[in-house]
Amino acid sequence: MSENLNAFRTEVRDWLAENCPEEMRTPMRSEKDACWGGRDFNFQSDAQRLWLERMGEKGWTAPAWPKEYGGGGLNRKQIKILKQEMARIKARGALYSFGINMLGPALLKYGNEEQKQQYLPPIVRGEIRWCQGYSEPNAGSDLADLQAPAVDMGDHYILNGSKIWTSYGDFGDWMFCLVRTDPDAPKHSGISFMLFDMQTPGISVKPIQLISGRSPFCEVFFKDVKIPKDQQVGELNNGWSIAKYLLTHEREMISWTGLSQTGTKSVGETAMDVIGGSDGKLDDAFLRADIAKFEVDEMAFALTIERARDEVKAGVSLGAVASWFKFFGTELNKQRYSLLMDISGSDALAWTGEASNDGKLARDWLRTKGNSIEGGTSEIQLNIVAKHILGLPG
Ligand SMILES: Cc1cc2nc3c(=O)[nH]c(=O)nc-3n(C[C@H](O)[C@H](O)[C@H](O)COP(=O)(O)OP(=O)(O)OC[C@H]3O[C@@H](n4cnc5c(N)ncnc54)[C@H](O)[C@@H]3O)c2cc1C
């Protein structure tokens, strides 16, 4: 077995040496360097396009998915090796994708064979970019209160209503969406899960402009949108089960923000670079203690995630633990950026200009605040932990 793994490591190492472009072995300079794929993706360079094509072809953008759906078909140990080898050469992720981290797992569990064949391979190759239509103006934390009605018209549904806070709704090619199919049933029992092309007539998208000038999310309006019935996933009115399952994957994905990114310096190393110290120690003892505490928490969190992944592979369901991870990971990421802001002092407040890389640090720091809202707020995660892990009364 270990011989096989050694052979696999050699194979991965050789493949990466040959196929990962040099430019893709450097840290990302800004969020623009993240490759999201999709029909109209604006690649930053040929190297970025090539890296996606090669990884997608190999199925290594979704290494755990079965080969028959375009994935890598790798087992847990092989995936670990792939990650280690990518980290060793500081390779960037080839694809950032809600399709891989959210929709894909739900389709693998609830989709029918035709749907898996149709939707999964283009996700692996980064050809179709997905956005998430869950939240509505009056349904965020209380998501099951969503109202967007989809009315049965025989061989299709007609959807009306709207969604809000749809991340990258203006770049999404398709949406996975929760709709109300039975307005008379108890609220959790009248929801269905549907997929549709964002170019379907009747859909309009309005980016929400933030004070930072950016528009990471949108309002999406539906006016008599026709959804063929074969684009409904799972059983009619059983969308809530799919929604919850997908949310565990979304929460796990968001919790990764707590882990340090491949190729970036640790908080301690950054502090030594910026502030300096003597004998390999930061001069500021209070900051040193804060950083040490943070780095121990970060390490413990990384090991806990690693253990949980092994358990999932062995058939243990992550369930409510994803909420705990989401809470802890996003709080950890807030601490990381708070420390980085402290370390950089007034320089950290620069908002524009080349020296600050267009205020990257300040913008990233502000973005961490959103991590503890998206995918369900920290308060909601703590409610879930209290009820489903600690067994406290609801
Ligand atoms: C960066 C970002 C990206 C997002 N992307 C998407 C996306 O792509 N698709 C999508 O569908 N949605 C997305 N969202 C929306 C997100 O899921 C909601 O904002 C979130 O679920 C909270 O809902 P809300 O904004 O309606 O706040 P509310 O539900 O109105 O909550 C307001 C406050 O009340 C607290 N609260 C509410 N209920 C309780 C309770 N029972 N117990 C304790 N406290 C409570 C909340 O914690 C919060 O502090 C995104 C949000 C952000 C910030």
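A few points on the structure.

**What about the overall build of the protein chain?**
So, point 1. Tallying secondary structure elements over the protein chain gives 11 helices and 10 strands in all.
So, point 2. Here the C-alpha atoms of the protein chain give a radius of gyration of 22 Å, agreeing with the 21 Å that 2.2 N^0.38 yields for 394 residues.
So, point 3. Principal-axis analysis of the C-alpha atoms places the extent of the protein chain at approximately 75 × 45 × 45 Å.
So, point 4. Burial analysis of the protein chain (394 residues in total) assigns 46% to the buried set.
So, point 5. Sequence separation of 24 or more characterises 71% of the internal contacts of the protein chain that already satisfy a separation of 6 or more.
So, point 6. As displayed, the protein chain offers around 20,000 Å² of accessible surface, 53% of which is attributable to carbon and sulfur atoms.
So, point 7. Across the protein chain, 46 positive and 53 negative side-chain charges occur, with their mean positions spaced 2 Å apart.

**Concerning the site of the ligand**
So, point 1. Around the ligand, 18 residues are found, and the nearest of them are Ser135, Ser141, Trp165, Thr377 and Glu379.
So, point 2. Between the ligand and the protein, one listed contact pairs a nitrogen atom with a backbone N or O atom of glutamine 132 at 2.9 Å.
So, point 3. Backbone polar atom of tryptophan 165 to a nitrogen atom of the ligand: 3.0 Å apart, as the coordinates give it.
So, point 4. Contact with the protein chains removes 65% of the 990 Å² of surface that the ligand exposes when unbound.
So, point 5. Elements with a minimum of two residues in the shell around the ligand: strand 3 (156-167), helix 10 (360-371) and helix 11 (378-389).

**Some words on the environment of proline 207**
So, point 1. You can see proline 207 is positioned in strand 6 (residues 203-208).
So, point 2. Taking C-alpha positions, proline 207 is 42 Å from lysine 77, a pair spaced 130 residues apart along the chain.
So, point 3. In this structure proline 207 touches Asp170, Ser215, Phe217 and Cys218, once residues within four positions along its chain are discounted.

**Here we look at the sheet that holds strand 7 (residues 217-228)**
In a beta sheet, neighbouring strands are held together by backbone hydrogen bonds and run either parallel or antiparallel to one another.
So, point 1. One open sheet holds the 4 strands; their spatial order is 2-3-7-6, and the pairing between them is antiparallel. The outermost strands of the open sheet, each flanked by one partner alone, are strand 2 (150-152) and strand 6. This sheet shows a mean twist of 10° between the axes of neighbouring strands, independent of strand direction.
So, point 2. As paired strands, strand 3 and strand 7 are joined by 9 bridges and run antiparallel to one another. Counterpart to histidine 156 in the pairing with strand 7 is proline 228.

**Observations concerning the side chain of aspartate 197**
So, point 1. Relative to the elements of secondary structure, aspartate 197 occurs in strand 5 (residues 191-197).
So, point 2. Within polar-contact distance, the side chain of aspartate 197 engages the side chain of arginine 39 at 2.6 Å.
So, point 3. Filtering out sequence-adjacent residues up to four positions away, aspartate 197 remains in contact with Arg39, Asp173, Trp174 and Ile203.

**What about helix 5 (residues 113-124)?**
So, point 1. The terminal C-alpha atoms of helix 5 lie 17 Å apart, and with 12 residues this matches the ideal 16 Å at 1.5 Å per residue to within 8%.
So, point 2. For helix 5, every residue scored as buried is listed here: Gln115, Lys116, Tyr119, Leu120, Pro121, Pro122, Ile123 and Val124.
So, point 3. Of the surrounding elements, those touching the buried residues of helix 5 are helix 2 (46-58), helix 4 (98-110), strand 1 (130-133), strand 4 (174-180), strand 5 and strand 8 (232-233).
So, point 4. Looking at the residues trailing helix 5, positive phi occurs at glycine 126, about 70°.

Parameters at a glance
Residues numbered from 1 in each chain as written. Predicted model: local features only at pLDDT ≥ 70, side-chain atom pairs only at ≥ 80, totals over all residues. Heavy atoms only, no water. Helix = DSSP H or I, 4+ residues; strand = E, 2+ residues; numbered from the N terminus. Rg over C-alpha atoms; globule rule 2.2 N^0.38 Å. Buried < 20%, exposed > 50% of the residue type's maximum accessible area, 1.4 Å probe, protein only. Contact = heavy atoms within 4.5 Å. Areas by Shrake-Rupley, 256 points an atom, 1.4 Å probe, with all protein chains shown as cover. Lys, Arg positive; Asp, Glu negative; His and termini not counted. Charge placed at Lys NZ, Arg CZ, Asp CG, Glu CD. Near = heavy atom within 4 Å. Polar contact = N/O pair within 3.5 Å; in protein donor to acceptor, adjacent residues only side chain to side chain. Pairing = 2+ DSSP bridges. Axes fitted to C-alpha atoms, helices over the stretch in contact; angles between N-to-C directions. Expected span 1.5 Å × (residues − 1).

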